[in-house]
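Understanding the architecture of this molecule
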Amino acid sequence: MSNDFLEERQQVLDAVKRIVAAGLVSGASGNVSRRIATPNVELFAVTASRVPYHRFGIDDVLVVDAEIDPVVGDGIPSSESLAHMAVYAARPDVGAVIHTHSVYASAFAVAAQPIPCVLDEQVVILGGAVAVAEYGASASQRLADNAVAALGDRAAVLLKHHGLLGVGSDLEEAVAVVDLAERVARVRLLSMQLGAAHELPSAVVSAEQLVYRMMKGFKP
Ligand SMILES: [Zn+2]
């Protein structure tokens, strides 16, 4: 094999280590991928399925094509690869996708409650409120389609009865997205318990959404 995409796979492994350290995933839950542009074909580095994070290594980051057929590595690609590929197909701006089962985001996903705009940095980084995708069974095309529909042009979406999906132009950004989405969920819940879960003024949300769209290069 002339090109094992070691650099790209290492970046995915580094992102895995960061979300583990941040407590956003445990066991073998969740998954990480990034787009790899090659001259002839678009490829993706994606974490392997069912490998516990405590023994996760570079060999557990595979390279697949858009049909999830193996290019590099022997493992089984993450069970949510369909969702990752659906996002890449729908969002040319997305270079990395991370799926977590982080607890507070999952609580909102179970309650089927979107997370409104509550923190100042939320709109610029996540694009606005975090919506809840309609239910689709794990690893199904329905989950993938529902996630893409509810994600829209934002950076994070809740998967009903399941967890969170975050996207970014690169892995760095995607890690920041899933980290912030979990914090927003936690803060929202705590503020509800305090009995004063105020939301950002709509004028602030609109102004910050313009900034988000500008940074993403979206048309106004
Ligand atoms: Zn999952």
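Within each chain, residue numbers correspond to sequence positions counted from 1 in written order. Only residues with pLDDT of at least 70 get local features here, since the model is predicted, and only at 80 or more are side-chain atom pairs given and counted; chain-wide, interface and lining totals rely on the full set of residues. For the side-chain quantities, the full set of heavy atoms in the structure was used; hydrogens and water were omitted.

Quick look at the overall build of the protein chain
In terms of regular secondary structure, the protein chain is built from 7 helices and 8 strands. Its C-alpha atoms give the protein chain principal-axis dimensions of about 55 × 40 × 30 Å. For every residue, the accessible area (1.4 Å probe, protein chains only) is compared with the maximum for its type, and the residue is labelled buried under 20%, exposed over 50%, or partly exposed between those bounds. Expressed as a percentage of its 220 residues, the buried residues of the protein chain come to 50%. Pairs of residues are marked as contacts when any of their non-hydrogen atoms sit within 4.5 Å. Taking all contacts inside the protein chain whose residues are at least 6 apart in sequence as the whole, residues at least 24 apart take part in 65%. Every accessible area reported is derived by Shrake-Rupley at a probe size of 1.4 Å, with residue values counting cover from the shown protein chains alone. Entry remark: accessible area of the protein chain is about 10,300 Å², with carbon and sulfur atoms responsible for 55%. For the purpose of counting charges, residues Lys and Arg are taken to be positive, whereas Asp and Glu are taken to be negative. His and the chain ends are not included. A single reference atom marks each charge: NZ on Lys, CZ on Arg, CG on Asp, CD on Glu. Charged side chains of the protein chain number 17 positive and 25 negative; the gap between the two group centres comes to 5 Å. By the criteria applied, helices consist of DSSP H or I runs no shorter than four residues and strands consist of E runs no shorter than two, each listed in order from the N terminus.

Description of the sheet that holds strand S2 (residues 42–47)
Think of a sheet as strands paired side by side through backbone hydrogen bonds, with each pair either parallel or antiparallel. Taken in spatial order, the 8 strands make up an open sheet running S4-S3-S2-S1-S5-S8-S7-S6, and their pairing is mixed. Two strands lie at the open edges of the sheet, namely strand S4 (70–72) and strand S6 (131–133), each paired on one side alone. When strand polarity is set aside, the average angle formed by the axes of neighbouring strands in this sheet is 30°. Should DSSP find at least two bridges between two strands, the strands are taken to pair. Both strand S1 (residues 31–37) and S2 contribute to a ladder of 5 bridges, which runs antiparallel. Within the sheet, the bridge partner assigned to Ser 33 lies in S2 and is Val 46. Axes here mean lines fitted to C-alpha atoms, for a helix over just the part in contact, with angles spanning 0 to 180 degrees between N-to-C directions.

Side note on helix H3 (residues 103–111)
Looking at H3, one finds that the buried residues are Ala 105, Ser 106, Phe 108 and Ala 109. Down the axis of H3, the sector holding all buried residues measures 160°, keeping them to one side. Those residues of H3 that are buried are in contact with S6, strand S7 (156–159), strand S8 (163–168) and helix H6 (171–193). For this quantity, the arc is that covered by the directions from the helix axis to the C-beta atoms.

Notes on the side chain of Glu 208
Here Glu 208 is to be found in helix H7 (residues 202–216). Every case where a carboxyl oxygen of Asp or Glu lies within 4 Å of a side-chain nitrogen of Lys or Arg is listed as a salt bridge. Although buried, Glu 208 forms no salt bridge, and the nearest oppositely charged side chain, Arg 183, lies 12 Å from it. Excluding anything up to four places from it in sequence, Glu 208 contacts Asp 120, Val 123, Val 124 and Leu 200.

Comments concerning the coordination of the zinc ion
In this listing, donors mean N, O and S atoms no farther than 2.8 Å from the metal, or 3.2 Å for Na, K and Ca; water is missing from the atoms, so a site can look incomplete. Only His 99 (NE2), His 101 (NE2) and His 162 (NE2) from the protein coordinate the zinc ion, and they sit 2.0 Å from it. Mapping the donors of the zinc ion onto the primary sequence yields the spacing H-x1-H-x60-H. Taken together, the residues His 99 in strand S5 (residues 96–100) and His 162 in the loop between S7 and S8 connect sequence positions 63 residues apart. His 162 matches His 99 in its accessibility class, with the two residues each being buried.

Section: the environment of Val 51
Its location among the elements puts Val 51 in the loop between S2 and strand S3 (61–65). Put simply, Val 51 and Gln 113 are 62 residues apart on the chain and 31 Å apart in space, counted from C-alpha to C-alpha. If we skip the residues at most four places from it in the chain, Val 51 touches Gly 27, Ala 28, Phe 56 and Asp 60.

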